[in-house]
Amino acid sequence: MAFTLTFWPVAAPLAGLVDAVYVARGGGEPFAACAGTLLPQVMWRLTGKVAWRCPGGAVRAIGAASVFGPSTAALGIEGSGPLVAVGAGVFPEGWAALLPVPASALIEQVADLADFWGADALRPLDADPSLPDRALAGQVQGVLLGRLGKLRPVDPRVGAINRWANGTGHDINQLVQRLGVSHRHLDRLAAGAHGLPPRLLANRHKILRMAAVLASGARDNRRDTWSSEYADQAHFTRHFRRFIGATPTQFMQDEE
């Protein structure tokens, strides 16, 4: 069996905290693939081995119940099976609410989830790996729903930074004025929940939006995709390779 991923939507109370729950399966053969830049992850490995290959080549093996911090660039995923792993991406608001550690402390690092969630972190490990993907995703969602009564308060400025990074324009001076903070304080707010400085966040989100446009075929002229945000194609290509793990041409070929 080749490496496969299925995605399952989360219940309404979890919206804005975590992304879709996923189930990853792999056969007995080793595999390696580019995953692009991702949200931080909470992840449970039921069988097999799986690891993230970080920018620069460092390999971070996933334990039985792990949290993987923010990434600064495209990641690789590799492992061997039979593999069954389940998990979910964590939005910045979710990180601030669910995890009592600054996101910047775990940039491209793996930590034991039980250190933060105690016995709750171990519950999905009791699931039978042969269960259908929907049932395994339900196990993860049950754990996440169970954490709702233990959420930490979230500074509303975390969401404001997220909306700014996902928007257009990206004038940091305007963001500082809107939030009523200094540049240094803004960097601290972003580091705590996002793990990355605001400008890097903005560049990452900008490229992810452009990749989605290219993948959808919504624009026939590739220049139309980048010309409104970048002064030249070389700058766009450099950022695209950093966050997607391939040049725009390679990415389009893979999508065909």
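Residues numbered from 1 in each chain as written. Predicted model: local features only at pLDDT ≥ 70, side-chain atom pairs only at ≥ 80, totals over all residues. Heavy atoms only, no water.

1. Structural notes on the overall build of the protein chain
In terms of helices and strands, the protein chain carries 10 helices and eight strands. A compact globule built from 256 residues would reach a C-alpha radius of gyration of about 18 Å, and the protein chain, at 19 Å, matches this within 12%. Along the longest, intermediate and shortest principal axes, the C-alpha atoms of the protein chain span 50 × 45 × 35 Å. Evaluated residue by residue, the protein chain yields a buried proportion of 46% over its 256 residues. Partitioning the contacts of the protein chain with sequence separation of at least 6, the portion at a separation of at least 24 is 71%. (Helix = DSSP H or I, 4+ residues; strand = E, 2+ residues; numbered from the N terminus. Rg over C-alpha atoms; globule rule 2.2 N^0.38 Å. Buried < 20%, exposed > 50% of the residue type's maximum accessible area, 1.4 Å probe, protein only. Contact = heavy atoms within 4.5 Å.)

2. A closer look at helix H6 (residues 183-193)
All buried positions along H6 are accounted for by Leu186, Leu189, Ala190 and Ala193. Buried residues of H6, seen end-on, are gathered within an arc of 95° and therefore sit on one face of the element. Within H6, the exposed residues directed more than 90 degrees away from the buried face are Arg184 and Arg188. Where H6 ends, the next residue or the one after it, Gly195, has phi of about 85°, a positive value. (Arc of directions from axis to C-beta.)

3. Brief notes about the state of the cysteines
Within this structure, the stated rule accounts for zero disulfides. Here Cys34 stays unpaired: no disulfide links it, and the sulfur of Cys54, its closest cysteine neighbor, is 12 Å away. Using a relative accessible area of 5% as the deciding quantity, one classes Cys54 as buried. (Disulfide = S-S within 2.5 Å.)

4. Re the packing of aromatic side chains
Evaluation of the coordinates by the stated rule reveals four aromatic pairs. Consider the rings of Phe236 and Phe240, whose centres lie 5.6 Å apart with planes at 65°: the pair is edge-to-face. Taken together, the positions of Phe236 and Phe240, both in helix H9 (residues 233-244) and four residues apart, correspond to about one turn of that helix. Like Phe236, the residue Phe240 is buried in the burial classification. Aromatic ring contacts, followed pair by pair, group Phe236, Phe240 and Phe251 into a single cluster. (Phe/Tyr/Trp six-rings, centres within 6.5 Å; stacked < 30°, edge-to-face > 60°.)

5. Brief notes about helix H7 (residues 198-216)
In this model, H7 (19 residues) spans 27 Å end to end at C-alpha, consistent with the 27 Å of a helix rising 1.5 Å per residue. Of the residues making up H7, those classed as buried are Pro198, Leu200, Leu201, Ala202, Asn203, Arg204, His205, Lys206, Ile207, Met210, Ala211 and Leu214. (Expected span 1.5 Å × (residues − 1).)

6. Quick word on the pattern of salt bridges
Scanning the entire structure with this criterion turns up five salt bridges. With its nearest N and O atoms 2.9 Å apart, the salt bridge here joins Asp120 to Arg147. Of this pair, Asp120 sits in the loop between helix H2 (114-117) and helix H3 (133-146) while Arg147 sits in the loop between H3 and helix H4 (156-166), and the two are 27 residues apart along the sequence. Both residues of the pair, Asp120 and Arg147, belong to the buried class. The residue Arg157 makes a salt bridge to Asp155 at a minimum N-O spacing of 2.7 Å. Under the relative-accessibility criterion, Asp155 is labelled partly exposed at 25%. (Salt bridge = Lys/Arg side-chain N within 4 Å of Asp/Glu carboxyl O.)

7. Re the nonpolar core
By size, the foremost hydrophobic cluster in this structure holds 31 residues, and its most contacted members are Trp44, Leu113 and Trp117. Those elements that provide at least two residues to this core are strand S2 (18-26), strand S4 (41-53), strand S6 (65-68), strand S7 (75-90), helix H1 (92-98) and H3. What Leu113 contacts, discounting residues up to four positions off in sequence, is Val42, Trp44, Ala65, Ser66, Val67, Leu99, Gly118 and Ala121. If you look at the next biggest cluster of nonpolar residues, it comprises 27 residues, including Ala190, Leu201, Ala211 and Phe243. (Core = buried A, V, L, I, M, F, W, Y, C linked by side-chain atoms within 4.5 Å.)

8. Brief notes about the side chain of Gln141
Along the polypeptide, Gln141 turns up in helix H3. Classification of Gln141 as buried rests on a relative accessible area of 16%. A polar side-chain atom of Gln141 sits 2.3 Å from the main-chain amide nitrogen of Ala11. For Gln141, the contacting residues outside a window of four places in its chain are Pro9, Val10, Ala11 and Leu14. (Polar contact = N/O pair within 3.5 Å; in protein donor to acceptor, adjacent residues only side chain to side chain.)

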